[in-house]
Structures are given as structure tokens and as C-alpha cells.
Amino acid sequence: MSETLKKNAFSPINKAHAILEVVFYIQFAPDFAVSAIRKLMEIEHELKEELPKSSQINKFETTFGVGQDSQKGQFSEKTIGIELQRIGSDGSIKWMLRTTENVIAVHCLDYSTWDTVWECARKYFYKAFKRIDGESNFINSVGLKYIDRFLYEGTEAEYDSSLLLSRNTDLVFKKVFSATPLWHCHSGWFDESFDVVKGNLLNQLNVDSAYVNISGKKRYVTTIDHNAVIQIDGQDNGQLRSITEEAEGKNSCLDQLMYKLHIVNKKVLLNLLNEQMANQINLGTPEK
């Protein structure tokens, strides 16, 4: 294989970065009461201009009872949340806010920079928090999920994972460096202590190399799905409640937690990718 082809065998799906989607989410306990779900759904009117497409989220349940002759099932449907979307001119989703019976999540599929994207996401969160103020729910986890994609530009015979991944990484098994373009490696671990809240930080890392249909063509694509979740100590209710309080200067507890998770993601990618690709997608240093 020529040196030119080697240098360009993988390319990020975007010019400046490889991010397909980033998801900010907060999980509550216990599940929201019906009154809280209704109040959260009313956010549709407040965000009509920014997220104009809306749809209810319903949950189907089945209950069984024993009759005289046979077991009988009853089906029921209830509304548990709402999904608000902004659709781009190409018909694809750009932003989405979802509320369910125990989660508030913001999805960005139009990533630019961390500061710009988080500023928009935090605004949606605080609008939602105001609607559940006074409810008896607490936060039990705060998460940030990045999905990055890289296209393989070479042939199957020339495939070499080290043109994307660092051979020194300890985040995938060594077999991927001698495998065909079809493989996967899923792992998880706890690490990174922090002093913003009491709890544990769980990393879930799924790296897959598979076929993907892109513009009608069968392409080899490597997808890096990294989910970082702060599992908060549920015994400190006062601390949990402080996460929903907005602070001046964007230095609230939630700001600090999400930025912490953002840095964790950068560290994972810097460990996983080779130096050339890390520079190509402008990863910089773990602290910035």
C-alpha cells in the first residue's frame, strides 16, 4: 500500500470532527408522577420555535389474569413523555429533546463546538427543571454519550486498524489489529474520582467496525460509542437537588458535571485513536 493511501485510509464523517451524535441525559428516581409528566409535556409550547416538531411518547403495558378457562391478557397504553425535534433542510434531525417517565435527554446531531452545543443543551435542561420544581424526584445519574464515526477509504485487502487506532491503546483487544474490517469490542469500567458530587463514574465503550449504507453504497465504518455516566450516591438528597439549580456564569453543578464528562470522553479518544487521527479531528489536550 502506498504511503499516501495509508495516511488517508480513514476519514472522519465531518471535516473538523467525527461526531455523529452527542446525548446529554439525566435519570431521575422515582419515576415521575403523572402530574410531573404533564408539566414536562407542556414545554412543547415554550420551545415551539426552536423545536417545532412534537410527538407524544407512549408506553404499552400488558397485564395477565387467570380466568376460569384460560389466562387472559389486558393491554393498556399510557403517555409517559414528549419528543421535540428540529429538522434540517435535508430532512434529518438536528436537535431533539425527550422526556420519559424517568429521563430528560437532549440529543444534538449537528455538533459544532462544545461551548456552543452545551449552551443550547443546558438551556433546554433548565427549562425542563422549572417544570418539575417541587416534585419529589431526585437525580440518580448524569450521563454524556458521544457517537463518533470514521469511514474506511481503502480496500478490504489493505485494511489496517492501526491507521485509525493506536497500537498502544488498552481500550480494545489486540486482535483488532490483525482482523478483517468486520469486528467489535465492547467494554466497561469504573474510574476517575471527582469532588462535584458523591458517586461513581462508569465508562461504557463500544467500538464496532461494520458495513454501513451511506448514500446507497456499502461502506466499512468504524463507530466509537462512548457513554460516561456519573452514578450519584442516592443518600445525599440535598446534594442531588442542587444539580437542578442554575448558577450565574455557567458554573452550576450541572455545568461542572457535564464538562467533567466531556473531558473524560476526550481522554478516552486520545487513548484510543492514533496521533495522526487525533490531530486531524482537533482533539487537542485532555484539559481543553
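The coordinates are above.
Only a predicted model underlies this, so the values are computations on that prediction, with no experimental measurement involved. (Residues numbered from 1 in each chain as written. Predicted model: local features only at pLDDT ≥ 70, side-chain atom pairs only at ≥ 80, totals over all residues. Heavy atoms only, no water.)

Notes on the overall build of the protein chain
From N to C terminus, the protein chain includes seven helices and ten strands. Across the 288 residues that make up the protein chain, the buried fraction comes to 47%. Summarising the internal contacts of the protein chain: among those between residues at least 6 apart in sequence, 68% fall at separations of at least 24. Element-wise, carbon and sulfur atoms account for 47% of the exposed surface of the protein chain, whose accessible area totals about 15,100 Å². (Helix = DSSP H or I, 4+ residues; strand = E, 2+ residues; numbered from the N terminus. Buried < 20%, exposed > 50% of the residue type's maximum accessible area, 1.4 Å probe, protein only. Contact = heavy atoms within 4.5 Å. Areas by Shrake-Rupley, 256 points an atom, 1.4 Å probe, with all protein chains shown as cover.)

Points about the side chain of H262
For H262, the position within the fold is in helix α6 (residues 253–272). If sequence neighbours within four positions are ignored, H262 has contacts with Y111, W114, L144 and Y146.

Topic: the packing of aromatic side chains
Any two aromatic rings considered together are summarised by their centre-to-centre distance and by the angle between their planes. Using the criterion set out here, one finds 14 aromatic pairs in the structure. Plain terms: the ring middles of F24 and W114 are 5.8 Å apart, the flat faces sit at 45 degrees to each other, and that makes the pair tilted. Separated by 90 residues along the polypeptide, F24 in strand β2 (residues 19–29) and W114 in helix α4 (residues 114–131) bring together distant segments of the chain. Given the relative accessible area of 0%, F24 is considered buried. On the basis of an interplanar angle of 80 degrees and a centroid distance of 5.5 Å, the ring pair of Y126 and F129 is categorised as edge-to-face. Of this pair, Y126 and F129 both sit in helix α4, three residues apart, which is roughly one turn of that helix. When its relative accessible area of 5% is taken as the criterion, Y126 is described as buried. Take F129: its relative accessible area is 4%, and that puts it in the buried class. Grouped by ring-pair contacts, the aromatic residues F24, W114, W118, F125, Y126 and F129 constitute a single cluster. The residue whose ring lies beneath K218 is Y211, and the NZ or CZ to ring-centre distance is 4.0 Å. (Phe/Tyr/Trp six-rings, centres within 6.5 Å; stacked < 30°, edge-to-face > 60°. Lys NZ or Arg CZ within 6 Å of the ring centre and 35° of its normal.)

Side note on unusual backbone geometry
With the exception of glycine, most residues fall at negative phi, and the peptide bonds are largely trans. Here the residue pair A29 and P30 is connected by a cis peptide bond, since its omega of -10 degrees sits within 30 degrees of zero. Examined against the element boundaries, P30 turns out to sit in the loop between β2 and α2 (34–41). In this model, N282 sits at a positive phi of 60 degrees, which is unusual for a non-glycine residue. Looking at the secondary structure, you find N282 in the segment after α7 (275–280).

Focus: the packing of α4 against α6
Interhelical geometry of α4 versus α6 gives an angle of 140 degrees and a closest axis separation of 11 Å. The angle between α4 and α6 places the two elements in the oblique class. Handedness of the α4/α6 crossing: right-handed. Residues W114, W118, R122, F125, Y126 and F129 of α4 pack against L254, D255, M258, Y259 and H262 of α6. For the contact of α4 with α6, the residue count by class is eight nonpolar, one polar and two charged. (Axes fitted to C-alpha atoms, helices over the stretch in contact; angles between N-to-C directions. Parallel < 35°, antiparallel > 145°, perpendicular 65-115°, else oblique. Left-handed = near helix turned anticlockwise from the far one by under 90°. Nonpolar A, V, L, I, M, F, W, Y, C, P; charged D, E, K, R; others polar.)

Comments concerning the environment of Y124
Among the secondary structure elements, Y124 is positioned in helix α4. With relative accessibility at 0%, the residue Y124 sits in the buried group. Dropping the residues within four chain positions of it, Y124 is found in contact with I43, L47, E50, L51, R86, W95 and V106. A polar atom in the side chain of Y124 sits 3.3 Å from the side chain of E50. (Polar contact = N/O pair within 3.5 Å; in protein donor to acceptor, adjacent residues only side chain to side chain.)

Quick notes on the pattern of salt bridges
Going through the model one piece at a time under the given rule, you end up with 13 salt bridges. As a salt-bridge pair, R131 and E42 come within 3.8 Å of each other at their nearest N and O atoms. Here E42 lies in the loop between α2 and α3 (43–46) and R131 lies in helix α4, a separation of 89 residues in the sequence. The salt bridge involving D225 is made with K145; its shortest N-O contact spans 3.5 Å. Taken together, the residues span a long stretch of sequence, with D225 in strand β10 (residues 217–232) and K145 in strand β7 (residues 138–152) at a distance of 80 residues. What emerges from the salt-bridge pattern is a single network uniting E42, E46, K127 and R131. (Salt bridge = Lys/Arg side-chain N within 4 Å of Asp/Glu carboxyl O.)

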